[in-house]
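The chain contents come next:
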Amino acid sequence: MVRRRRWRRRLTPFTVMSAAVALLVAALAIYPLGTVLVRIFFTDGHLDLSGLRRTFDEPDLGTLVKNTLIVVIGSSAIALVLGGVLAWLNERTDARMGLLTGALPLVPFLLPPIAGSTAWVLLLSPGAGFVNGWFQWLPWISPDTNWFGAHWPAMFAIIVSEIWKTTPFMALLLLAGL
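Here the structure is a predicted model, which means the values were calculated and not measured. All chains use their own residue numbering, which begins from 1 and follows the written sequence. Given that the model is predicted, a residue must reach a pLDDT of at least 70 before its local features are reported, and side-chain atom pairs must reach 80 or more before they are shown or counted; all residues, however, enter totals for whole chains, interfaces and linings. Hydrogen atoms and water are omitted, and side-chain values are computed over all heavy atoms in the structure.

Some details on the overall build of the protein
Put simply, DSSP H or I for four residues or longer makes a helix, DSSP E for two residues or longer makes a strand, and each gets a number counted from the N terminus. Check the secondary structure of the protein and you find nine helices and two strands. Along the protein, helices (α) and strands (β) appear in the sequence α-α-β-β-α-α-α-α-α-α-α when read from the amino end. C-alpha atoms define the radius of gyration in this analysis, and the globule rule sets the expected value at 2.2 Å times the number of residues to the power 0.38. The C-alpha atoms of the protein give 24 Å as radius of gyration, which overshoots the globular expectation for 178 residues (16 Å, by more than 25%). Residues counted as buried form 17% of the 178 residues belonging to the protein. Residue-level accessible areas treat just the shown protein chains as cover; the underlying method is Shrake-Rupley with a 1.4 Å probe. Approximately 13600 Å² of the protein is accessible, and the part contributed by carbon and sulfur atoms is 72%. For the charge count, each Lys or Arg is scored as positive and each Asp or Glu as negative, with His and the chain ends excluded. Each charge is placed at NZ for Lys, CZ for Arg, CG for Asp and CD for Glu. Of the side chains in the protein, 14 bear a positive and 9 a negative charge, and the two mean positions are spaced by 29 Å. Relative accessibility under 20% of the residue-type maximum defines a buried residue, over 50% an exposed one, and the middle range a partly exposed one, all with a 1.4 Å probe and only protein chains included.

Some points on the nonpolar core
As a rule of thumb, soluble globular proteins bury nonpolar side chains together. With seven residues, the main nonpolar core is built from Trp-120, Leu-124, Val-131, Leu-138, Ile-141, Trp-147 and Ala-157. Those residues in contact with Val-131 that sit more than four places away from it in its chain are Leu-123, Leu-124 and Trp-147. For the purposes of this section, nonpolar cores are sets of buried Ala, Val, Leu, Ile, Met, Phe, Trp, Tyr and Cys residues that join through side-chain atoms within 4.5 Å. Here, residues are in contact when the closest pair of their heavy atoms is within 4.5 Å.

Points about the pattern of salt bridges
The working definition used for a salt bridge is a side-chain nitrogen of Lys or Arg within 4 Å of a carboxyl oxygen of Asp or Glu. The tally for this structure, following the rule as stated, stands at one salt bridge. Here Lys-165 ties to Glu-162 by a salt bridge, and the two come within 3.4 Å at their closest N and O atoms. Of the two residues, Lys-165 and Glu-162 are both situated in helix α9 (residues 151-177); the distance of three residues between them amounts to about one turn of the helix. Taking relative accessible area as the criterion, Lys-165 reaches 43% and is therefore assigned partly exposed. Residue Glu-162 is classed as partly exposed on the basis of its relative accessible area, which comes to 26%.

Points about the side chain of Ser-125
In this fold, Ser-125 is placed in the loop between α7 (113-123) and α8 (130-134). Counting of polar contacts relies on pairs of N or O atoms within 3.5 Å, with two restrictions inside protein: one atom must be capable of donating a hydrogen and the other of accepting it, and residues adjacent in sequence are counted only when both atoms are side-chain atoms. Polar side-chain contacts of Ser-125 include one of 3.1 Å to the backbone oxygen of Leu-122.

Re the packing of aromatic side chains
Centres within 6.5 Å are what make two rings of Phe, Tyr or Trp a pair, Trp counting through its six-membered ring; a difference in plane orientation under 30 degrees is then read as stacked, over 60 as edge-to-face, and the rest as tilted. One pass over the structure, following the stated rule, counts three aromatic pairs. A ring pair is formed by Trp-120 and Trp-164, whose centres lie 6.1 Å apart and whose planes are at 75°; its orientation type is edge-to-face. In this pair, Trp-120 sits in helix α7 while Trp-164 sits in helix α9, placing the two residues 44 residues apart along the sequence. Classification of Trp-120 by relative accessible area gives buried; the value is 17%. Given a relative accessible area of 33%, Trp-164 falls into the partly exposed group. With 5.5 Å between their ring centres and 25° between their planes, Phe-130 and Trp-134 make a pair best called stacked. Linking Phe-130 with Trp-134, this pair stays in helix α8, spanning four residues, or about one helical turn.

Digging into a nonpolar patch on the surface
Residues enter a patch when their relative accessible area is above 30% and they make no salt bridge; the linking distance is 9 Å between like charges and 5 Å between nonpolar side chains (Val, Leu, Ile, Met, Phe, Trp, Tyr). On the surface, Leu-33, Val-36, Leu-37, Val-38, Ile-40, Phe-41, Phe-42, Leu-47 and Leu-49 cluster together to form a nonpolar patch covering roughly 790 Å² of accessible area. The element contributing the most residues to the nonpolar patch is helix α2 (residues 13-41), with six residues. Mapped onto the fold, Leu-47 is located in strand β2 (residues 46-47). Judged by relative accessible area, which is 61%, Leu-47 ranks as exposed.

Overview of the environment of Val-107
Residue placement: Val-107 occurs in helix α6 (residues 107-110). Here the alpha-carbon distance between Val-107 and Lys-165, two residues 58 residues apart in the chain, equals 8.9 Å.

Looking at the side chain of Ser-75
Within the secondary structure, Ser-75 sits in helix α4 (residues 61-92). A distance of 2.6 Å separates the side chain of Ser-75 from the backbone oxygen of Val-71, its partner in a polar contact. The residues touching Ser-75, leaving out its near neighbours within four places in the chain, are Ile-70, Ile-159, Glu-162 and Ile-163.

Structure below.
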């Protein structure tokens, strides 16, 4: 009898709604992932690994994995260092400048990803891009530099945009620990 009363006290509308929302989110995440995993290994109800074989036989798979690792490791490491510096300056020094250091680093979070991507494409566009005009004093950057026309300039542009997006997240994580 006492257990039943204790259970009823715990069963509030908030806990019921929280459980329902958690189940809904889990179903919305697990169903598509499960479907992908099943379709990788099964075709027409039979075990078939030909899709995996075709994927691993792709000639450019190694290049794709290498480029992905370069972008992820490079941008994460630099964003971690920059985020650490920002978090340390914000928390452990007298360098706070009110709104500027408190809210400005959160701007990448407020920007939808498509708007951020479009902004970077416009900033790096040849001829009219702000970055080309701003950095043309460097010998390797001219007003017509095409950041997306060759492999390494494109990798650099992607890494810089990822650093811009990830640094505030790293700063928030590290700020919580300071």
